[in-house]
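Read off the chains here:
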Amino acid sequence: MATETTAAHGAEESSSLVFHPMDQFIVKPLFGDGAIAWYTPTNVTLWMFLAIAAIFALLVLSTSKRAIVPTRMQSVAELAYGFIYKMLEDICGKEGVKYFPYVMTLFMFIVCANFLGMIPTSFTTTSHFAVTIPLALAVFLTVTILGFVKNGAAFLGLFWVSSAPLALRPVLAIIELISYFVRPVSHSIRLAGNVMAGHAVIKVFAGFAAIAVISPVSVLAITAMYGLEVLVSFIQAYVFTILTCVYLKDALHPSH
Amino acid sequence: MATEPLAKEVAGTCVDAGGSAIGMPQLCFDWFPNQIFWLVITLVVIFLVLSRVALPRIAAILAERQGTITNDLAAAEDLKAKAVEAEEAYNKALADARSEAQRIAAEARAEIQSGLDDAIAKADAEIAAKAAESEKAIADIRAGALEGIQVVAKDTAAELVTALGGEADAAAINSAVDAQTKG
């Protein structure tokens, strides 16, 4: 995203094009240049805390007046609440509502991190597998544990497709089992991959802007990609959340 | 991903001398603990903020709004019922007033009719009296006229008899005139 950096690179080496599309994903310490230990405050910390601040502003500060006739910000907060609540209720039914704060946390974090990542020169935390894999694993483990706690061994019925012919069931069970364990992988890579790819593409277009003749096209392309990425930011958060709801439904009602 | 940069990343060098990323920074496992640590902190904070403050508050706001809307709807329903009642009362009053007006008009008409009948009867009686009186007067006049005619006829007859050289016999003339005028 950092267009200035590209311009600087372009000035240094005006003859040759320089692309560093992946530099925007480097994790840097906030203070000094030392090694990155697990506790070091880094740009990850900064942008995650900004996400917390954004969520706090949107859901807590805007609703502080508890107005019957909502202000604009309050109605956005209410929309977000209603959106996720309805999604969870539609998919999981009444029992799923218990897990609403959990699902809402995931959605709000991802959507805010994605949109903060759209700010030029920002760091996009959700573009890292190190972030999305724990998110997906948390969902996977929650669903698996919850499934066994709620249903006991009956949870394994999820893999035994009783509506299929008996001969096919073992084959389907293997397929179901594989697809079950692939879930966290696809769940996490979908999010990080989409966000990373979009940001990298924008950066590549920004690299082309160093050439005067191409730069108008490049700027247009960046604009178009940016619009697409705004869409992707929301859609990926939505997809992650709706899949979480679907997986949660499997845990609550394992029968097909 | 080529395997070579990955090997370097595993060795702990994710950034080259120029400060650029080697391969995908997403696969730099040196940075994983840091990111996971801060992610966990972030999620816990967000979860606490949402579950303790934000979500109950928004739920309360929505419930309160729903309550207000329900109350307002009920109040509106009440008012509507009242309006319907008032309209009925108005219509009833209107119908009453109309029947009352009709009754009064009928009474007045009856009164007028009876007065009129009296007046007509009285006028008829007067007219009859006047007519009888007139008839009597006419009969008198006619009788008077008949008598006059007889007198004139007798006188004329006596004169004629005298003028023709006869002897006027009063009794003969009288009987002759009476006989003539009777017819």
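For clarity, every value in this text was computed on a predicted model and none was experimentally measured.

1. Examining unusual backbone geometry
For residues other than glycine, phi is negative in most cases, and the peptide bonds are mostly trans.
Residue and element names in this part refer to chain A.
(1) Moving on: With phi around 50°, Arg-66 is a residue other than glycine that occupies positive phi space.
(2) Moving on: Along the polypeptide, Arg-66 turns up in the loop between α2 (43-61) and α3 (72-92).
(3) Moving on: A residue is classified by how much of its surface remains accessible, and Arg-66, at 42% relative accessible area, is partly exposed.

2. Observations regarding the interface of chain B and chain A
By a frequent convention, interface size equals the accessible area lost on bringing the separate parts together.
(1) Moving on: Listed as interface residues are 39 residues of chain B and, on the opposing side, 47 residues of chain A.
(2) Moving on: For the chain B and chain A pair, buried surface summed over both sides reaches about 3,800 Å², with 75% attributable to carbon and sulfur atoms.
(3) Moving on: Across the chain B-chain A interface, the total number found is one salt bridge.
(4) Moving on: Here Glu-78 of chain A ties to Arg-65 of chain B by a salt bridge, and the two come within 2.7 Å at their closest N and O atoms.
(5) Moving on: Counting every contact that joins chain B to chain A gives 14 residue pairs in polar contact (both at pLDDT 80 or more).
(6) Moving on: The class makeup of the residues in the side of chain B that touches chain A is 26 nonpolar, nine polar and four charged.

3. A look at the packing of aromatic side chains
Residues and elements named next belong to chain A.
(1) Moving on: Here the structure, examined in full by the defined rule, presents 19 aromatic pairs over all chains.
(2) Moving on: Centroid distance Tyr-85 to Phe-100: 5.1 Å. Interplanar angle 80°. Geometry classified as edge-to-face. Taken together, the residues Tyr-85 in helix α3 and Phe-100 in helix α4 (residues 100-117) connect sequence positions 15 residues apart.
(3) Moving on: A ring pair is formed by Phe-159 and Tyr-180, whose centres lie 5.3 Å apart and whose planes are at 90°; its orientation type is edge-to-face.

4. Focus on the nonpolar core
(1) Moving on: Core analysis: the biggest nonpolar cluster contains 76 residues, and Leu-59, Met-104, Met-108, Phe-109, Leu-135 and Leu-248 of chain A together with Leu-50 of chain B have the highest contact counts within it.
(2) Moving on: Broken down by secondary-structure element, the contributors of at least two residues to this core are α2, α3, α4, α5 (129-151), α6 (169-208) and α7 (215-252) of chain A together with α2 (32-163) of chain B.
(3) Moving on: Of the residues forming this core, the biggest block, 12 residues, is contributed by α4 of chain A.
(4) Moving on: What Leu-248 of chain A contacts, discounting residues up to four positions off in sequence, is Leu-88, Cys-92, Tyr-99, Val-103, Val-143 and Leu-146 of chain A.

5. Concerning the environment of Trp-47 of chain A
Residue and element names in this part refer to chain A.
(1) Moving on: Within the fold, Trp-47 resides in helix α2.
(2) Moving on: Spatially, the C-alpha atom of Trp-47 lies 23 Å from that of Ile-222, the residues being 175 residues apart in sequence.
(3) Moving on: Apart from the residues lying within four places of it in its own chain, the contact partners of Trp-47 are Leu-116, Ile-119, Ser-122, Phe-123 and Thr-125.

6. Quick word on the environment of Pro-120 of chain A
(1) Moving on: Here Pro-120 of chain A shows up in the loop between α4 and α5.
(2) Moving on: As a C-alpha pair, Pro-120 of chain A and Ile-214 of chain A span 94 residues in sequence and 21 Å in three-dimensional space.

7. With respect to the confidence of the model for chain A
Residue and element names in this part refer to chain A.
(1) Moving on: Scored by pLDDT, chain A comes out at a mean of 88, with 93% of its residues at no less than 70.
(2) Moving on: Per-element averaging of pLDDT across chain A places helix α1 (residues 3-12) at the bottom with 45 and α4 at the top with 96.
(3) Moving on: For the stretch residues 1-15, pLDDT sits under 50, and the model shows 19 contacts to residues farther than four places along the chain or on other chains.

8. Quick look at the side chain of Arg-169 of chain A
Residues and elements named next belong to chain A.
(1) Moving on: Among the secondary structure elements, Arg-169 is positioned in helix α6.
(2) Moving on: Despite its burial, Arg-169 pairs with no opposite charge; the closest candidate is Glu-176, at 12 Å N-O.
(3) Moving on: Apart from the residues within four sequence positions on either side, Arg-169 is in contact with Trp-160, Val-161, Ser-162 and Ala-164.

9. A few points about a nonpolar patch on the surface
Residue and element names in this part refer to chain A.
(1) Moving on: Where nonpolar side chains cluster on the molecular surface, the patch consists of Phe-19, Phe-208, Ile-211, Val-213, Ile-214 and Val-217 and spans about 490 Å² of accessible area.
(2) Moving on: With respect to the element layout, Phe-208 can be found in helix α6.
(3) Moving on: Assessed through its relative accessible area of 30%, Phe-208 is described here as partly exposed.

10. Points about the packing of α3 of chain A against α2 of chain B
(1) Moving on: Contact geometry for α3 of chain A and α2 of chain B: axes closest at 10 Å, N-to-C directions at 100°. The angle between α3 of chain A and α2 of chain B places the two elements in the roughly perpendicular class. Each of Gln-74, Ala-77, Glu-78 and Tyr-81 of chain A in α3 of chain A lies in contact with α2 of chain B, whose residues at this interface are Leu-55, Ile-58, Ala-59, Ile-61, Leu-62 and Arg-65 of chain B.
(2) Moving on: The class makeup of the residues in the contact of α3 of chain A with α2 of chain B is seven nonpolar, one polar and two charged.

11. Brief notes about the pattern of salt bridges
In a structure, side chains of opposite charge can pair up when their charged atoms sit close to one another.
(1) Moving on: All told, the structure shown has eight salt bridges over all chains when counted by the stated rule.
(2) Moving on: Between Asp-250 of chain A and Arg-183 of chain A there is a salt bridge, with its nearest N and O atoms 2.4 Å apart. One end of the pair, Asp-250 of chain A, is in helix α7; the other, Arg-183 of chain A, is in helix α6, with 67 residues separating them in the sequence. Neither Asp-250 of chain A nor Arg-183 of chain A differs from the other in exposure class; each is buried.
(3) Moving on: The partner of Arg-103 of chain B in a salt bridge is Glu-100 of chain B, with the nearest N and O atoms 2.8 Å apart. Of the two residues, Arg-103 of chain B and Glu-100 of chain B are both situated in helix α2; the distance of three residues between them amounts to about one turn of the helix.
(4) Moving on: The exposure class of Arg-103 of chain B is partly exposed, given its relative accessible area of 41%.

Conventions we followed
Numbers given for residues are sequential positions, taken from 1 along each chain in its written order. Each chain gets a letter, beginning with A, and each ligand a number, beginning with 1, in the order they are written. With pLDDT at 70 or above as the cut-off, local features in this predicted model cover only qualifying residues; side-chain atom pairs require 80 or more to be listed or tallied, and sums for whole chains, interfaces and linings still use all residues. Hydrogens and water are ignored here; the side-chain numbers use all heavy atoms of the structure. A run of H or I in DSSP becomes a helix once it reaches four residues, and a run of E becomes a strand once it reaches two; helices and strands are each numbered from the N terminus. Burial classification: accessible surface area is computed with a 1.4 Å probe over protein chains only, and a residue below 20% of its type maximum counts as buried, one above 50% as exposed, and the rest as partly exposed. Contacts were defined at the residue level, with two residues in contact if any of their heavy atoms lie within 4.5 Å. The buried area of a pairing is the accessible area, by a 1.4 Å probe, that goes missing from both parts when the two are put together, added over both. In what follows, salt bridge is the name for a side-chain nitrogen of Lys or Arg lying within 4 Å of a carboxyl oxygen of Asp or Glu. N or O atoms closer than or at 3.5 Å make up a polar contact, with two conditions inside protein: a donor-capable atom paired with an acceptor-capable one, and, for residues adjacent in sequence, both atoms drawn from side chains. Classes in brief: Ala, Val, Leu, Ile, Met, Phe, Trp, Tyr, Cys and Pro nonpolar; Asp, Glu, Lys and Arg charged; the others, Gly included, polar. In summary, the pairing rule links any two rings of Phe, Tyr or Trp, Trp by its six-membered ring, whose centres are within 6.5 Å, and it sorts them by plane angle into stacked for under 30 degrees, edge-to-face for over 60 and tilted for everything else. Nonpolar cores are built from buried Ala, Val, Leu, Ile, Met, Phe, Trp, Tyr and Cys residues. Side-chain atoms within 4.5 Å join them into one set. A residue's pLDDT is simply how confident the predictor is in it, with values from 0 to 100. By the counting rule applied here, Lys and Arg register as positive and Asp and Glu as negative, while His and the ends of each chain are not counted. A patch consists of residues exposed above 30% relative accessible area that lack any salt bridge, with like charges linked at up to 9 Å and nonpolar side chains (Val, Leu, Ile, Met, Phe, Trp, Tyr) linked at up to 5 Å. Note on areas: these come from Shrake-Rupley sampling with a 1.4 Å probe, and a residue is covered only by the protein chains present in the view. What counts as an axis is a line fitted to C-alpha atoms, over the stretch in contact for a helix, and the angles between N-to-C directions run from 0 to 180 degrees. By the definition adopted for this analysis, an angle is roughly parallel if under 35 degrees, roughly antiparallel if over 145, roughly perpendicular if from 65 to 115, and oblique otherwise.

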